[in-house]
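Here are the chains, one letter per residue:
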Amino acid sequence: MVISANTRVESLAKSGINQIPKEYIRTQDELTTITDIFQDENNQQRPQVPTIDLNDINSDNPKAREKCRHEIVKAATEWGVMHLVNHGISGDLINRVKAAGESFFDQPVEEKEKYSNDIDSGNRQGYGSRLATNACGQLEWQDYFFHLVFPEEKCDLTIWPSTPKDYM
């Protein structure tokens, strides 16, 4: 089966196929090395995603501020990801953002396509599918919505979805 670069994950799933295209099936060796991150987080023998406490990011103490900033840079450089705590974002806001994202992705593909990005023209913001080859040579495939929010002059609200209504 040949997969078009503009095919959406959802479209393929709803197409009636009865098996996953071989290009997306991970090797047995890779499958046996995939672990449960929720079990691994309590296993000190495994590498741990850095947890950064942002409590001191705006501290009056310059050494505390610098230590916090250093931990962020180190995590970003060495891991590319981190778990932030004491960031000041309310649980309510986090839940509303999750719900808005779920509402967007629950819409029909045709509605989401109204907000498609166009990577070839340099427009990365919007709804898209990422087709990429991982280190093992298998394709990874995901639908996403990409927003630039910083620096503010890069934030293009014209491509933000108007549906669902609570998206913004």
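Residues numbered from 1 in each chain as written. Predicted model: local features only at pLDDT ≥ 70, side-chain atom pairs only at ≥ 80, totals over all residues. Heavy atoms only, no water.

Engineer: What am I meant to see in a nonpolar patch on the surface here?
Structural biologist: Residues I89, L93, I94 and V97 make up a contiguous nonpolar surface patch of about 320 Å² in total accessible area. Relative to the assigned elements, I89 resides in the loop between β2 (83–85) and α5 (91–105). Take I89: its relative accessible area is 45%, and that puts it in the partly exposed class. (Patch = residues over 30% accessible without salt bridge, like charges linked within 9 Å, V, L, I, M, F, W, Y side chains within 5 Å. Areas by Shrake-Rupley, 256 points an atom, 1.4 Å probe, with all protein chains shown as cover. Salt bridge = Lys/Arg side-chain N within 4 Å of Asp/Glu carboxyl O. Helix = DSSP H or I, 4+ residues; strand = E, 2+ residues; numbered from the N terminus. Buried < 20%, exposed > 50% of the residue type's maximum accessible area, 1.4 Å probe, protein only.)

Engineer: Even after reading the chapter, I still don't get the confidence of the model for the protein chain, so can you show me in this structure?
Structural biologist: It should be kept in mind that the predicted coordinates are not to be read in detail where pLDDT is low. A residue-level look at the protein chain finds 83% of positions with pLDDT of 70 or above and a mean pLDDT of 82. The element-level mean pLDDT for the protein chain is lowest in helix α3 (residues 37–40), coming to 63, with helix α4 (residues 62–78) highest at 96. Low confidence marks residues 1–5, where pLDDT is under 50. Its contacts with residues over four positions away, or in another chain, come to 10 contacts. (pLDDT = per-residue confidence, 0-100. Contact = heavy atoms within 4.5 Å.)

Engineer: Any chance you could explain the packing of aromatic side chains here in plain terms?
Structural biologist: This model, assessed by the stated rule, comprises 5 aromatic pairs. Measuring from ring centre to ring centre gives 5.2 Å for F104 and F145, while their planes differ by 90°; the resulting arrangement is edge-to-face. Linking F104 in helix α5 with F145 in strand β4 (residues 139–146), this pair joins segments that are 41 residues apart in sequence. Take F104 and F145: they sit in the same class, and that class is buried. Taking the centre distance of 6.1 Å and the plane angle of 55° together, the rings of F105 and Y127 count as tilted. (Phe/Tyr/Trp six-rings, centres within 6.5 Å; stacked < 30°, edge-to-face > 60°.)

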